[in-house]
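Understanding the architecture of this molecule
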Amino acid sequence: MIKKCLFPAAGYGTRFLPATKSMPKEMMPIVSKPLIEYGVEEALEAGMSDICIVTGRGKRALEDHFDVNYELEQQISGTSKEGLLDNIRQLIDQCTFSYTRQHEMKGLGHAIQTGKALVGDQPFGVVLADDLCINTEGHGVLSQMAQLYKQFRCSIIAVQEVPEDEVHKYGVIAGQAISDDIVRVEHMVEKPSKENAPSNLAIIGRYILTPDVFDLIADTEPGKGGEIQITDALMKQAQRGCVLAYKFKGKRFDCGSIDGFIEATNYCYDRQCIEQSV
Ligand code: UTP
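Residues numbered from 1 in each chain as written. Predicted model: local features only at pLDDT ≥ 70, side-chain atom pairs only at ≥ 80, totals over all residues. Heavy atoms only, no water.

- The name recorded for the chain in an unreviewed UniProt entry is UTP--glucose-1-phosphate uridylyltransferase, from Endozoicomonas gorgoniicola.
- A UniProt comment under Sequence similarities (unreviewed entry) is attached to the chain, and it reads "Belongs to the UDPGP type 2 family."
- Taken from UniProt, the Catalytic activity (unreviewed entry) comment for the chain reads in full: "alpha-D-glucose 1-phosphate + UTP + H(+) = UDP-alpha-D-glucose + diphosphate". (UniProt positions renumbered as here; feature names shortened; annotations may be inferred.)

Next up, the structure:
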């Protein structure tokens, strides 16, 4: 039902310098698959086959990845390596990809606003590809959220309990529990100190947003860090209507940090090394 999924991928990825000096952070591989490919797989599994990517300078490798490479494919055709491209070929066949550029990196809210030209006036998914979500039971996180959207028809954000001394890295929510895994959002604070955090429920990089969010972002002043924060716009949406926070099922790795990236690599290598080897 939700067809479009937006991938804000214009950030500089400074925590991975020098690797990200000329390579998009989203192209960093977990074992042999780039982060963004895991994200697109998750979107497709949720039925979102229109992939909208917000890019920036130095991000052309993203477009090349979701395109055919005739020379290479010809070269490995008929060899044992041909199968290594099966997954990406399937994604290319089953999805459409469109791109727009964020000219100035003014924050995640601004990146999402930039995607309006691609998304239009319909509900859409958002995937931050540097949050890698591995589906451990049944469906992927975005698919779980799409199911909830069918029921509630409002914006939904994925949250996870984090240790108190890590809340300062996240947007943090609090509100009224509707069930064991759904909270109606009443408070939302971007990167609070431990003392000011309303809970330990941290927002991770998966959202389903209703399109009224675009006007709310347009009216949002720069917040924490001088950036236009999606959390500030979502707080307005929560006050005017309804935003739900969903404690998803599955495993999530913060691959925007070195520690999370290494942890994800070890986890995926242990699970997938046999399939990956040629
Ligand atoms: P991060 O906060 O991880 O920033 O962005 P970053 O620039 O990618 O990485 P560091 O902190 O410098 O290492 C979260 C997500 O929002 C996107 C990023 O690409 C990432 O997917 N983003 C952020 C944008 O697309 N544009 C922005 O202006 C900021």
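Regarding the nonpolar core
- Counting residues in each nonpolar core, the largest one holds 37 residues, and the members touching the most others are Phe 7, Ile 36, Val 40, Met 48, Ile 51 and Ile 53.
- Among the secondary structure elements, those contributing two or more residues to this core are strand E1 (4–8), helix H1 (35–45), strand E4 (50–55), helix H4 (86–94), helix H7 (141–152), strand E8 (155–161), strand E11 (201–209) and strand E12 (243–247).
- Residue contributions to this core peak at 6 residues, all from H7.
- Once residues within four sequence positions are removed from consideration, Ile 36 is found in contact with Phe 7, Glu 26, Met 27, Ile 53, Leu 62, Phe 66 and Ala 129.
- Cys 52, Ala 111, Val 213 and Ala 238 belong to the second largest nonpolar core, which has 33 residues in total. (Core = buried A, V, L, I, M, F, W, Y, C linked by side-chain atoms within 4.5 Å. Buried < 20%, exposed > 50% of the residue type's maximum accessible area, 1.4 Å probe, protein only. Helix = DSSP H or I, 4+ residues; strand = E, 2+ residues; numbered from the N terminus. Contact = heavy atoms within 4.5 Å.)

Quick look at the pairing of E11
- Here E11 lies mainly inside the structure; 9 of its 9 residues are buried.
- Sheet analysis places strand E6 (residues 124–127) next to E11, joined by 4 bridges and oriented antiparallel. Each bridged residue has a counterpart across the sheet, and for Gly 125 the counterpart in E11 is Ile 208.
- As defined by bridge partners, strand E9 (residues 171–177) adjoins E11 across 2 bridges and the pair is classed as antiparallel. When the bridges of E11 are listed, Val 172 appears paired with Ala 202. (Pairing = 2+ DSSP bridges.)

Examining the pairing of E8
- Among the 7 residues in E8, 5 count as buried, and that is most of the element.
- With 5 bridges connecting them, E8 and E12 associate as parallel partners. Across the sheet, the residue bridging to Val 159 is Lys 247, located in E12.
- Taken together, the 5 bridges between E8 and E11 define a ladder with antiparallel strand orientation. Across the sheet, Ile 157 pairs through a bridge with Tyr 207, a residue of E11.

So, the pattern of salt bridges
- Enumeration over the complete set of coordinates arrives at 10 salt bridges.
- Between Arg 206 and Glu 42 there is a salt bridge, and its shortest N-O distance comes to 2.9 Å. Separated by 164 residues along the polypeptide, Arg 206 in strand E11 and Glu 42 in helix H1 bring together distant segments of the chain. The pair formed by Arg 206 and Glu 42 is uniform in burial state, with each residue classed as buried. (Salt bridge = Lys/Arg side-chain N within 4 Å of Asp/Glu carboxyl O.)

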